[in-house]
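# Observations on the three-dimensional arrangement
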Amino acid sequence: MIKTEISNIWGAIDFSALMAAEERLGQAHAMLAEGKGPGNDFLGWYHLPSGTTEAELDAISAAARKIRMDSQALVVVGIGGSYLGARAAIEYMNGVLHNESDPVKIYFAGNHLSTRALHELLDRLEHVDFSINIVSKSGSTMETAVAARMLRQLLVRRYGMDKARERIYVTTDPENGKLRKQTKEEGYESFPIPSNVGGRYSVLTACGLLPMAVAGIDIRAVMAGARQAEADLDVRSMENPAWLYAAARNALYEHGKKIELFCSYEPCFEYVGRWWQQLFGESEGKDGKGIFPTCLQFTTDLHSMGQLIQQGERTMFETVVRFAPASRNLNIDMDWKDLDELNYLVNKPVTYVEENAIEGVIQAHVDGGVPVIVLECGEMNARTLGYLFYFFQLSCGISAYMLGVNPFNQPGVEAYKKNMMTNLGRG
Ligand code: PA5
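The following paragraphs examine the structure supplied in this document.

### Description of the sheet that holds strand S5 (residues 168–172)
The strand order across the open sheet formed by five strands is S3-S2-S4-S5-S6, and the pairing between neighbours is parallel. Every other strand in the sheet has two partners, leaving strand S3 (105–109) and strand S6 (189–192) as the edge strands with one partner each. Recorded for the sheet is a direction-independent mean angle of 20 degrees between the axes of neighbouring strands. Judged from the five bridges that link them, strand S2 (residues 73–77) and S3 form a sheet pairing that is parallel. Pairing of Val77 across the sheet is with Ala109, part of S3. Of the strands in this sheet, S2, S3, strand S4 (130–136) and S5 touch helix H8 (residues 142–159), which is tilted by about 155 degrees from S4.

As structure tokens, then:
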């Protein structure tokens, strides 16, 4: 379903550099498959698509149906891996304007500590029947806990203790953490993030699936795509597009390309980019190593970052995610006055302009010394989304092991939390 196209990287590396990685790719993949690498107690995501049961999907769908029946809004309270995947999926499937068309609005909270943003949300919820989904693997993340407490108390004030309880859904570790304890004590409906699945690898658990289902996304189609990826991408050779992607980015990194620009031409793909950024950034950026992952929206960002990409320091490469043209066509109309001088495009679809832009950008960047990897992804639908989530998780695990780091920990994130807790007097 995904094709990794690397014909535009040869100016920066040669074929032998790529093929030299074959053995390391095999070893890295085996470390994941056999659970023999560092962080191997966090490999639950590896067989998650095939291991998720119909009963689990039924329970998520039932909760989503109830929320859609009794709520005009769902607030998803979480941060990092407990938020980005859900938002990515909802925007990818329903568009960036999804809240303007869907009768059930999906808001996100707990992903910052901004009083202004919290006020804005609380004001928005004033006359709205809503439910909340608190998502936290550890159950102790400050941003999430603060927002969850405020929203819980708002629910209690509005509906009373018992009715409020029916509007609180928790997604957390099945056994451990404060949130699990609170869930048991208060009797909230809850869903597990399996103990062996880390935050940024959890999008295909209830963490991502419950908000998706509330947004009306066919979660079975998402999981079917992920299952197909799990089967397809088990291939242990350079024919595996995940191998090729991991090999190309590692070879480019070894040849001085330290920054990866993850680009798409679909505005609704922006949050998949942010999810990808966390996945690769937190998995690889440690021990003084790691490609700096950043996501860009083209052609929008060509008008802000295009200059830097074309002529700035030559330390970057680009990964472009391409989809099949939209099924609904949109042609450029005739205008008899032609004051904007666009009549040479009359009856041409906007896609025609876009495709020419994409080709033009790739050529310009390659000519300017920015190697380009293209991921051809086919139709933009729920199956492809599930496939993509798994594809990137696998590529990331392989890539990080090739780099010699543990893909599943994030010791550096603790530094700011420790300072914050000390400042807050918690110790
Ligand atoms: O990948 C990770 O583990 C992190 O990004 C977490 O998802 C993020 O810090 C949120 O943590 P939690 O789900 O424990 O609240």
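### Considering the packing of helix H5 (residues 84–94) against helix H14 (residues 270–284)
Where H5 meets H14, the closest approach of the two axes is 7 Å, and the angle between their N-to-C directions is 155 degrees. Put simply, H5 runs roughly antiparallel to H14. Crossing handedness for the pair H5 and H14: left-handed. Here Leu84, Gly85, Arg87, Ala88, Glu91 and Tyr92 of H5 lie close against H14, whose contacting residues are Tyr271, Val272, Arg274, Trp275 and Gln278. The class makeup of the residues in the contact of H5 with H14 is six nonpolar, two polar and three charged.

### Some points on H8
With 18 residues, H8 extends 26 Å from end C-alpha to end C-alpha; this agrees with the ideal 26 Å at 1.5 Å per step. For H8, the set of buried residues is Glu143, Thr144, Ala147, Ala148, Leu151, Arg152, Leu154, Leu155 and Tyr159. Buried residues in H8, looked at end-on, bunch into an arc of 160 degrees, giving them a common side. Across H8 from its buried face, at more than 90 degrees, point the exposed residues Arg149 and Arg157. After H8 finishes, the residue Gly160 shows a positive phi value of roughly 85 degrees.

The rules behind the values
- Residues numbered from 1 in each chain as written.
- Predicted model: local features only at pLDDT ≥ 70, side-chain atom pairs only at ≥ 80, totals over all residues.
- Heavy atoms only, no water.
- Pairing = 2+ DSSP bridges.
- Helix = DSSP H or I, 4+ residues; strand = E, 2+ residues; numbered from the N terminus.
- Axes fitted to C-alpha atoms, helices over the stretch in contact; angles between N-to-C directions.
- Contact = heavy atoms within 4.5 Å.
- Parallel < 35°, antiparallel > 145°, perpendicular 65-115°, else oblique.
- Left-handed = near helix turned anticlockwise from the far one by under 90°.
- Nonpolar A, V, L, I, M, F, W, Y, C, P; charged D, E, K, R; others polar.
- Expected span 1.5 Å × (residues − 1).
- Buried < 20%, exposed > 50% of the residue type's maximum accessible area, 1.4 Å probe, protein only.
- Arc of directions from axis to C-beta.

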